[in-house]
Every structure is written in C-alpha cells, then in structure tokens.
Amino acid sequence: MVLQFDMGARWRGFLEEVCHESIATFSLLWPEEQGLEVRYGDLQAYDPDFAADVLLHPGLSLDAARQTLKALLQDLGVDADAELRLIELPLDHRFVLREIRNKHISPLIAIEGIVAKITSVRPMITIATFRCICGYDTVLEQLDESKMTTPLMCEIHEGGCGREDRKTRFTIVHEDSAHLDTQTVEIQELPEKVKSGQSAEVMQCYLQGDMAGVLSPGNRVVLNGRLFRRAQRKGGRDTPIFDLIFKCHSFERKNIPLEEVTISDEEKEMIVNYSKREDLESLLVNSIAPSIFGHYAIKRSLVLQLFGGVSRINSDGTRARGDIHILLMGDPGVAKSQLLNYMVALAPRGQFASGMSTSGAGLTAAAVQHSDGGWTVEAGALPLADMGLACIDEFDKMGEQDRSAMHEAMEQQKISIHKATVHTTMRTRCAILAAANPSDGKFIHPEVDKKSRPYTQQIMLTKPLLTRFDCIWMMLDKPEKDDDRRIGMHIAKYRQTGTPEWLIDEGIAPAPTSEDVAKGIIDGSELIEPDLFQKYVAYAKKFIHPTLTDAARELIVDYYVKTRTEGGGINESGSVYTDGKKFGTESGLDSFDSVPITARSIESLVRLAEAHARTRLSDDVEIVDANLAIATFDVWRYELMGGDYDETSMVSGKTTTKRNQEHRIVSYIIQQYQNTDQTVKLFSILNEMEKHNISKTQVEGILDSLCNGGTLFRPLSNRNEYQPT
Ligand code: ADP
Ligand code: MG
C-alpha cells in the first residue's frame, strides 16, 4: 500500500506531467464545472502500482487527490475546491448489480444500469456546526446520509462548558456549515442483461454536488463510486442485516444507441451479402417468428419496425420520429402475445411490458410523494425501453394516467414531469409494438351482426391514440378449413420437434441454439439466425440513414392525395374518412371508420420506406421502397376497414372497386393455375391487370392481403409466384 504521506506526491507527479493541460482548461471553467475528470487508464499508464492502490483504498487516496488538485489550481490563481473524478474504471471493476457481494464494499467500483427513479434534489449538510447554549461551537463531519451525527457533549478541554447533550441544546449554525446538493437515484439493471423471468435488481445511489439533478429516468449510466452499508431497521431499531447504498464518485452516460452490439468483419461481410440478395425480403420475413404460421404482411411490417425509419431534427428544432409503431388488434388465440415475445428477444434492447402492469409507474411514468414531503419520479416501461423496442401486451387495458401520457410518449417520444420540486423529461425513443384484444372478447364481424361497430370501435382505444400507429393489423380468428389444417400441422410439428424444457433444465438435453433455429424448421426454407439478424439490424441502424429521392417522394404524395380524394373527403362531423367506409347508416349508427388517412400517414409512409431502404443497406429511399411502404399501408387499411365489411354498410366506390379488383385477380390466378397447372408469375398477373387499369402497387397490395388471408399461397422457393390454396 502506498503510504498516506506519499499519496500527495504521487498525485502531484501524475497531475503535473499528464494532466497539466486539462487542469489549465478546467481552471477557466470553474465554477461551472465542479469536477475534473481523469481517465483511469491514464493514471494506470503513468504508475500502475499507484493506480491499483487507488482502486483498493479510494477514501484516503481521493482525498489526497483533491488536495493536490486544489494546490495546483491555486498555483494557477484559482481558488477552487474541485473534485478529482476518476472515470472509465477497468472492466474487472465493473459489476452488474446481482453480482455485488460484501467483498465489493471497500474498493472503488463501477456499476452499470438504467436510472429507474429519481428524487428531488435537496441540500445536505456535510460539515455541521453545532452551537451549545454556552456559545461554544462543535464541528462534526456528516458521513451518514440516513441520520444526523450530533455532539454527545460540549467538550470541556476544547473550550466548551462540559455539558452533556441531555443537559444542553445544540443548534445548527448553517452559516458556518457546509452543504451539498444531494439526490438519491435508483439504478436498475440493464433490461437486456436480465434473463426473462428474473426481476431486475435495484440499488439506491447518492449523487452530490453538481452531479445531483442531472440524470433522468431512462438514462443508461455507469456509476463509479463506493458501496456503504446501512443497517436495516425494524420497529425503530437497527437489525444486524445491512442494505447497500452506493455513493457516487463520478458517472458516465451510456446513451449511445446499440453500442453493446459488436459486429465482426466476417459478420459484416455476411450482412452485406444478405442485403444484396434477390429474395432479401422473404428471407427477412421468414426469419421472424418462424414458429408462427402465416401472417406474411404482418411479419414484413415487423421487419420494417426493427430497422426503423430515420429520426430527424428539423431546421426549426422540432423532431420527427423515425420509430415505427405497430398495433396488433385481434381475437384471442391468434398468436399476438407469441409474436410480441419473439420480437422482444429479437430486437436489440427489446422490453416486454403489459398494459395491466402492476408497477406504479405503469407504461409511462409516475410521480409519488413520500411521507417526508419529497417527490420521487419513477420511470415506466417506455422510458426504460429508450432506444429499443417496447412490446406491450394488453395495450387496451392500460391505466388512465398512461392513456393521457401515451400521446406525447408516442409522437414526441418524451414524457415531461413537473410535480412540485421535480422537473424532468424522460426520453421514450422506442418503437412500440402493442397488442390489443377486443373489449367484448371477440371481434364481431359486421356481416354477422348488423349492429356491430367498425373494428376500431370494438376496442378500448381512442382515435387520437390509434392514429399514432403506423400500422394497425386486424388478426381475425376465422375458421377456414384449408388454413386450419395448415396451421394445425404447423403448430403440431413444432410441438413434435421442440425439446422438453425439463430435460434442458436438468442438463440432459442441449437448449436449441440459434443455429438450430437457422437450420430452417419451416419447410426447409432458409432463415437468418436471430443473433445475426440482430446484428444486421444494429448495423443498418448505425450506418444507414437513407433519404427520400424525389421519385419516391412523388409516389408517396400521389398516393396520399389519391386516397384522400377517393375516400370522399370530409363527413358531416368534419372528420375525414376514406374508402367510403361510412358505417352503419342502416343500423342507425352515424359512424365512419375510425382511422382516417391524415397528414400523419405521409410520415408513416416515409418511415416505412426509409426502413425498407435500410434493409437493403441503401442510403437512398427509392421507388421500390416507396412501393413497398404503400403496399404495406394498403394491406393493413384494407384488412382493417375494407374488404367484406362493405356487405352490410353503406359503401361507396372504393371498397367495391377493391373487391372487384380482388375478385379479378383471384379468378385470373385460379384460371391460369388450372390451365397450366403451374404457379402464376407476378409479372403475368401485373400484365393482365394493367389491362384493367389496376396499378402495380394495388395488385401487390391485394396479393399480399390475399396471401395473408389464406386465399392465395406463394411457394417459399419463389415469392414472386402465386397459386390458389
Ligand atoms: P393471443 O395473445 O393472440 O391471445 P397467443 O399468442 O397466446 O394468442 O397464442 C395462442 C396459441 O396459439 C399460441 O400457443 C400460439 O402458438 C398458437 N397459434 C395461434 N395462431 C398461430 C399461428 N398462426 N401459427 C402458430 N401458432 C399459432
Ligand atoms: Mg395474448
């Protein structure tokens, strides 16, 4: 161990030789900057033994460092009581919360996590001056944050009157005491490092001085500092069991997106090769939840969601989100929850939450007042999923408070909290994949019950909230013999081939690896294994920021204008509805469909197109991308609102046209298939339909929807060919 009297000299040597420039800069920044940050690596390179010693005996060592720094600053003519803050501690001194044991208590360590709660910033007395009634002052350093250390007596041989504390009264003289701003934050383990089924551990941490009031819930941080024990209390007495408290010495923010994903050169090459493949789209789509049958268009939108559009800061300072939000509405038992679970595992930084969450903070955030009057702000699921994917099941069952905060959280991607003494803004820059069940247990098809409302009104979500989703999928559980057999086979096959969990837990059988997944269980088709898929996504998000070409822009704007006008414009109540979906006039309900095409839709289309360009690793959003975005958009709108819904409702042009178009396409394919006994190629369908004035985008959208609904089928070997099922 380095002797105490030697420490100052060692620090002086290091600071003078290695840090003189940063000290000079710092002297100009004081007092705005209160601490000089020094990288541990620099100290280690200068004097490895001393550096190791600092980690083991941080208390004395850092005190010496502060005094040396103070002296050096004085030489520069600045009278500053600055902190010397060591950052970037070696990785073998960085721990996750669940690893922390008694032996970690004395050394300087780093813990990483995400800020889950913050309290209001309050002054704490660090050096307290107590005045006895005789007028004599006793000065005591306050080391324990949980209780004030008071003098036991007014010391006689130091000049006091000798009274014991029971016989006198000590009052604090604030003018002669030192105070520091103090804040308690609660750090929670990084969600992606918590195995599913475990709950994340938390740790209370103290931040002082200029470090207080800087962090917001949702921030990812590495905190450097030391652990302290504090006795647990039961019935007003201390117990022999201790809680651990972390006293922060310095911190580093870790909000750089996706930095935890490392991609090797070899993997990069594979990714680039994939991106050039003809069948890229089906390859990506098939790699999503292979155990779930069908749902091609839905899975395709989920691929786009993973890649995401580009978030931009406009020239006027406003922000346009790039994240794509998707809602899965559907009957119970159509694999919604299953899809969500799969996506949580696949997405970098995926987080699962339920709308019916039991935690007080729910999905967004909560501010709670303690019995002592202070406030704590607690982050809900969305801030904790910042920069990731939040999968929310039972979205329709979220609490009232979440409902109101959700609008801002989804569109502006932040949650602002102003409650009494706490003011904070949490970022919620995550894509949302939500699932919702119908409020009556099952969606009622208007054909079945003429009084039923549009699908979007059979769900407990308001229109403003619905318009914040880029895609809203309707997943109906309709009995269809052929389809049922195929799904049945598919599910049963998975149950046949899966490894019993018990055997895995007992160590008798190996758990399926991601290569097993990639071996392609479904019909032998090729898949990208989840690990690599995740890296593909991370690579594209990091390096590819595509911009719209003029041609693609034209296409999207044309589509928007056309859909608006075709839809018939504005209805009586002033809202826009489209596709002629004016519902239930017959049944006396003056309603229209709930998801009008609005200016927001343009942004959605651009995002979807950008995401598709990203899958191709292209920096330009081109016509193909715009077309795919439009097709995706068309399919969900059609499935949600178009199609057979018009049977009972008053229908105008578009839907009927669409049904005719659909009919035309299906009969053409059936006829061709029967004549030639071969699958029908996309280009021949396109050629034929052009004669009937049906555009390529329309045909593709309808084909997707027909495949999705199980009327048509495309062989996995060639996604551009179709046959009836
Ligand atoms: P939901 O959340 O929509 O109510 P779940 O995700 O709990 O439904 O799914 C119920 C079960 O049905 C799951 O075990 C799922 O695997 C199965 N299932 C339903 N549809 C499919 C499908 N298309 N392919 C594979 N499995 C399916
Ligand atoms: Mg469910």
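Before going into details, it helps to say that this report is about the structure given with it. (Residues numbered from 1 in each chain as written. Chains lettered and ligands numbered in written order. Predicted model: local features only at pLDDT ≥ 70, side-chain atom pairs only at ≥ 80, totals over all residues. Heavy atoms only, no water.)

1. Some remarks on the sheet that holds strand β29 (residues 712-713)
Line of reasoning, step 1. In spatial order, the strands read β28-β30-β29; together these 3 strands make up an open sheet with antiparallel pairing. Both outer strands of the open sheet, β28 (680-681) and β29, are each paired with one neighbouring strand and no more.
Line of reasoning, step 2. Bridging between β28 and strand β30 (residues 721-724) involves 2 bridges; their strand directions are antiparallel. Directly across from V680, in β30, lies its bridge partner Y722. (Pairing = 2+ DSSP bridges. Helix = DSSP H or I, 4+ residues; strand = E, 2+ residues; numbered from the N terminus.)

2. Here we look at the nonpolar core
Line of reasoning, step 1. By size, the foremost hydrophobic cluster in this structure holds 124 residues, and its most contacted members are L223, L306, F307, L327 and F395.
Line of reasoning, step 2. Examining the composition of this core, we find that 9 residues originate from one element, helix α19 (residues 623-641), more than from any other.
Line of reasoning, step 3. Discounting residues that sit within four places of it in the chain, L223 has contacts with I109, A110, I111, I187, C205, L215, F246, C248, S250 and F251.
Line of reasoning, step 4. One finds I23, L62, A64 and L69 within the second-largest nonpolar core, a separate group that totals 31 residues. (Core = buried A, V, L, I, M, F, W, Y, C linked by side-chain atoms within 4.5 Å. Buried < 20%, exposed > 50% of the residue type's maximum accessible area, 1.4 Å probe, protein only. Contact = heavy atoms within 4.5 Å.)

3. A word on the environment of P546
Line of reasoning, step 1. Structurally, P546 is set in the loop between α16 (530-543) and β23 (547-548).
Line of reasoning, step 2. Relative accessible area serves as the criterion here: at 0%, P546 is assigned to the buried category.
Line of reasoning, step 3. When the C-alpha positions of P546 and V310 are compared, they lie 7.3 Å apart, and in sequence the two are 236 residues distant.

4. Some words on the packing of helix α9 (residues 336-346) against α16
Line of reasoning, step 1. The contact between α9 and α16 brings their axes to 9 Å, and the two run at 70°. By the angle class used here, α9 and α16 are roughly perpendicular. Between α9 and α16, the contacting residues are Y342, A345 and L346 on the first element and P530, F533 and Q534 on the second.
Line of reasoning, step 2. Of the residues in the contact of α9 with α16, the class split is 5 nonpolar, 1 polar and no charged. (Axes fitted to C-alpha atoms, helices over the stretch in contact; angles between N-to-C directions. Parallel < 35°, antiparallel > 145°, perpendicular 65-115°, else oblique. Nonpolar A, V, L, I, M, F, W, Y, C, P; charged D, E, K, R; others polar.)

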